[in-house]
Amino acid sequence: MKKISLKTIYLVALSAVFSVSFLMFVVFDLQSQQKQTEAAMLEEARTFAREMDAVWQFMDNSQTVINTAVDGSYEFKGLHCSKVGKSVGALFSKGSDYTIRYTNFNPRNVQDEPDGFEAKALESFNADSSITEHYEVADFQGAERFRYAQALEVDKSCLECHGEPAGEIDITGKAKEGWTLDSVGGAISIVIPLDQQQQAVRDNVVRDVVYFLLITLLIGAVVYAVTTVFVFRPLNCMKLAFAEMGEGRLAVSLDDANAAKEISRLIERFNSTAAELHAIYGHLEEQVESRTDDLRKANTALERQRDTLEHLNTELAKETQFKSDLLSMVNHELRTPLTSIITFAQISREACPPDRESERHSWEEIEKNSQILLAMINDMLDIARSDAGSIRTACEPMDLGDIVCAVKGTMTPLAQKYSVAFCTQVSSDVPLVNGDFEKTQRMLENLASNAIKFTPDGGTVELSINVDESDGSVRMRMADDGIGIAPEDQERIFERFFQVDSTSTRKYNGSGLGLALVREYAAVQGFSVSVESELGRGSIFVISIPSGLIVG
Ligand code: ADP
């Protein structure tokens, strides 16, 4: 249905209604015309029958007059009612298409023998005395005719010639039939031609049909014209307007001058919707325009920033290059001579005779400070490598017990120097873990050197390693009973170059990079570092190795 236009549906519906009404009208008109014609012919036949009956009665009543001679004697002239009736009928029929005749099952004359229609009528009269007439369109001498038959009632006058006893010769010289008053004395049969009436029916039907066609066509044309002007045309205009809107031309307005009330309301609604859309679209366009302008400006700003970034990037690349050059320079130009200084200071200290104590002390100081300087340079180099992303980390099974031994080896002299007890303890259930041996050792050394450094003489530093039962991680714990760290500094001490006491007159030397390195080494290996401390009571640094890094 969606593909068929409203106009087509409308035309098909109109045509269907028209065709059905036309057919019904033709059938109805034909039937009613035929009924009317039949009624008219029946009435005509009845009139003929009454007339013939009147002739018959007249002759019956006039018998005495007719058969009385001039001298007053009775002289039968043979002009009886039957003969006159038949003769009048014959005369009437002659020269016309009408036929009036009398018939009987046992006629005295052969030509009065009943044909098929008449025999049927006589049978029905004999069978039922209440039936007095019979009619139908039936064949007569090879053509369709309106046939009418009326029963002839037997009265006393009939019995004279046709009554009892049967076989007795009547006044006309014929044998009597033996009728009684109950008998049917035959029938008057009337034949009326159909041609004229049928022609009249045809003419009437044709006239009515033409009239009907003219009326319906006129009505159809008016209905179609009205619907086209008041419905289809405005709808078509709306369709075109919708198409225009679909193409983006929203400034459309329809004229509802020729539209019916309902369509006019629809057009009004359409016009207001189109106007609203037009306004919204206009506003949208403005907004899009302004947003596009904003975007353009933002784009220009971005381009400017990109240029600045590119410039900064170039600068950064230069600085990185410079840093890298500086690193290799520091690595080569500072570490090489410093290593030589330390070696020569060691050799000179060992070669110093026992009686030159002050000279020995000087070599010791040179060696110690050079060591500090070398450690500082190493820290700085590591930090710089970390920034450059060139820090490499091994991930291989390592025995933490071995690391603790190594740390103890390097840290014991320092602890002795600061008069601090340095003890280590490794639980027997500590497993092998994956990590970088050197970096882990360096982390523990940094923590241990800090702990020794910030613990007064006579204090204790303990490095212990065990497994945390709660989560299966391995914990490396560096505890001291030194000066402690204030709560507000506990997070900041891991920042680069941060020192709690950063004054030039500070008691403890250092670069402020040790803990920063500890945290970065922990991060690259997947470890974590935390601190707990109380001023004046000591600090505990814990490195946690998650259970996922345990070997096996
Ligand atoms: P530094 O070279 O100064 O030791 P670190 O990064 O190793 O640099 O430490 C930063 C600061 O944290 C130290 O200067 C010190 O003030 C504080 N600190 C580190 N470890 C301890 C500790 N065990 N006890 C008290 N303070 C500490």
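Preceding block: the structure.
Residues numbered from 1 in each chain as written. Predicted model: local features only at pLDDT ≥ 70, side-chain atom pairs only at ≥ 80, totals over all residues. Heavy atoms only, no water.

**Student:** Quick question: what am I supposed to make of the overall build of the protein chain here?
**Tutor:** Along its length, the protein chain carries 11 helices and 11 strands. Relative to all contacts within the protein chain whose residues are 6 or more apart in sequence, the contacts with residues 24 or more apart total 65%. When the accessible surface of the protein chain is summed, it comes to about 33,600 Å², and 57% of that surface belongs to carbon and sulfur atoms. Of the charged side chains in the protein chain, 53 are positive and 82 negative; the average position of the first set lies 4 Å away from that of the second. (Helix = DSSP H or I, 4+ residues; strand = E, 2+ residues; numbered from the N terminus. Contact = heavy atoms within 4.5 Å. Areas by Shrake-Rupley, 256 points an atom, 1.4 Å probe, with all protein chains shown as cover. Lys, Arg positive; Asp, Glu negative; His and termini not counted. Charge placed at Lys NZ, Arg CZ, Asp CG, Glu CD.)

**Student:** Help me out: how do you make sense of helix α4 (residues 116-127) in this one?
**Tutor:** One turn of an α-helix holds 3.6 residues; hence residues three or four places apart share an orientation. In this model α4 runs 17 Å from its N-terminal to its C-terminal C-alpha over 12 residues, within 8% of the 16 Å that 1.5 Å per residue would give. Taken together, the buried positions of α4 are occupied by Phe117, Glu118, Ala119, Ala121, Leu122, Ser124 and Phe125. Packed against the buried residues of α4 are β1 (99-103), β2 (133-140), β3 (143-153) and β4 (184-193). The backbone nitrogen of Phe117 has a side-chain oxygen 3.4 Å away, supplied by the residue at the start of α4, namely Asp115. (Expected span 1.5 Å × (residues − 1). Buried < 20%, exposed > 50% of the residue type's maximum accessible area, 1.4 Å probe, protein only. Polar contact = N/O pair within 3.5 Å; in protein donor to acceptor, adjacent residues only side chain to side chain.)

**Student:** Teacher, can you tell me more about the packing of aromatic side chains here?
**Tutor:** Taken as a whole, this structure holds 11 aromatic pairs when the rule is applied. Taken together, a centroid distance of 5.5 Å and an interplanar angle of 75° make the contact between Phe48 and Tyr98 edge-to-face. Of this pair, Phe48 sits in helix α1 (residues 6-61) while Tyr98 sits in the loop between α3 (81-93) and β1, and the two are 50 residues apart along the sequence. On the numbers, 4.8 Å between centres and 75° between planes, the contact of Phe242 with Phe270 is edge-to-face. One end of the pair, Phe242, is in helix α6 (residues 195-246); the other, Phe270, is in helix α7 (residues 261-351), and 28 residues separate them in sequence. In this structure, Arg519 packs its charged tip against the face of Phe494, placed 4.1 Å from the ring centre. (Phe/Tyr/Trp six-rings, centres within 6.5 Å; stacked < 30°, edge-to-face > 60°. Lys NZ or Arg CZ within 6 Å of the ring centre and 35° of its normal.)

**Student:** Any chance you could explain the sheet that holds strand β6 (residues 421-426) here in plain terms?
**Tutor:** Backbone hydrogen bonds hold the strands of a sheet together, and the pairing may be parallel or antiparallel. An order of β6-β8-β9-β11-β10 is seen for the five strands of this open sheet, with the pairing classed as mixed. Whereas interior strands pair on both sides, the edge strands pair on one side only; in this sheet they are β6 and β10 (528-534). Neighbour-to-neighbour, the strand axes of this sheet turn through a mean angle of 15°, independent of strand direction. Relative to strand β9 (residues 474-480), strand β8 (residues 460-467) runs antiparallel, the two sharing seven bridges. For Ser464, the partnering residue across the bridge sits in β9 and is Arg477. Strands in contact with helix α10 (residues 437-453) are β6, β8, β9 and β11 (538-545); relative to β9, the strand with the most contacts, it is inclined by about 20°. (Pairing = 2+ DSSP bridges. Axes fitted to C-alpha atoms, helices over the stretch in contact; angles between N-to-C directions.)

**Student:** I'm lost on the nonpolar core in this one. Help?
**Tutor:** Side chains of a nonpolar character, in soluble globular proteins, are inclined to be buried together. The biggest cluster of nonpolar side chains holds 42 residues, and the ones touching the most others in it are Leu400, Phe422, Met478 and Phe541. Those elements that place two or more of their residues in this core are α9 (400-417), α10, β8, β9, α11 (514-525), β10 and β11. Membership of the second largest hydrophobic core comes to 21 residues, among which are Phe48, Ala49, Met59 and Tyr148. (Core = buried A, V, L, I, M, F, W, Y, C linked by side-chain atoms within 4.5 Å.)

**Student:** Whenever I open this one, the environment of Lys323 confuses me. Can you help?
**Tutor:** Along the chain, Lys323 falls in helix α7. By relative accessible area, which is 39% here, Lys323 ends up partly exposed. Sequence separation between Lys323 and Ala384 is 61 residues; the distance between their C-alpha atoms is 8.3 Å.

**Student:** Explain the pairing of β11 to me, please; I cannot follow it from the model alone.
**Tutor:** Extensive coverage of β11 is indicated by the burial of seven of its eight residues. In this structure, β9 lies alongside β11, joined through seven bridges in antiparallel fashion. Bridged to Arg477 within β11 is Val542. Alignment of β10 against β11, held across seven bridges, turns out to be antiparallel. Along β11, the bridge assignment pairs Val531 with Phe541.

**Student:** I keep staring at the sheet that holds β4 and nothing clicks. Help me out?
**Tutor:** Strand order in the open sheet formed by four strands is β1-β4-β3-β2, and the pairing between neighbours is antiparallel. Where the open sheet ends on each side, the last strands, each with one partner, are β1 and β2. Direction aside, neighbouring strands of the sheet carry axes that sit 25° apart on average. One ladder, built from five bridges, connects β1 with β4; its direction is antiparallel. Paired with Ile100 across the strands is Ile190, a residue of β4. Lying over the sheet, α4 contacts β1, β2, β3 and β4, oriented at roughly 165° with respect to β2.

**Student:** Whenever I open this one, the site of the ligand confuses me. Can you help?
**Tutor:** Around the ligand, 20 residues are found, and the nearest of them are Asn450, Gln499, Ser511, Gly512 and Leu515. Here an oxygen atom of the ligand and a side-chain polar atom of Lys453 are 3.1 Å apart. Take Gly514: an N or O atom from its main chain is 3.3 Å from an oxygen atom of the ligand. Protein chains bury 95% of the 520 Å² of accessible surface belonging to the ligand in isolation. Those elements that provide at least two residues to the shell around the ligand are α10, α11 and β11. Among the elements that take part in the shell around the ligand, α10 stands out by supplying three residues, more than any other. The residue inventory of the shell around the ligand, partitioned by class, reads 10 nonpolar, eight polar and two charged. (Near = heavy atom within 4 Å. Nonpolar A, V, L, I, M, F, W, Y, C, P; charged D, E, K, R; others polar.)

**Student:** Explain the pattern of salt bridges to me, please; I cannot follow it from the model alone.
**Tutor:** Charged atoms that come close allow side chains of opposite charge to pair. Considering all chains together, one arrives at 30 salt bridges under this definition. With a closest N to O distance of 3.9 Å, Glu43 and Arg46 form a salt bridge. Taken together, the positions of Glu43 and Arg46, both in helix α1 and three residues apart, correspond to about one turn of that helix. Looking at Glu43, the relative accessible area reads 38%, which means it is partly exposed. Residues Lys176 and Glu168 are paired through a salt bridge, measuring 2.7 Å at the closest nitrogen-oxygen approach. Each of Glu43, Arg46, Arg50 and Glu133 takes part in a single network of salt bridges with overlapping partners. (Salt bridge = Lys/Arg side-chain N within 4 Å of Asp/Glu carboxyl O.)

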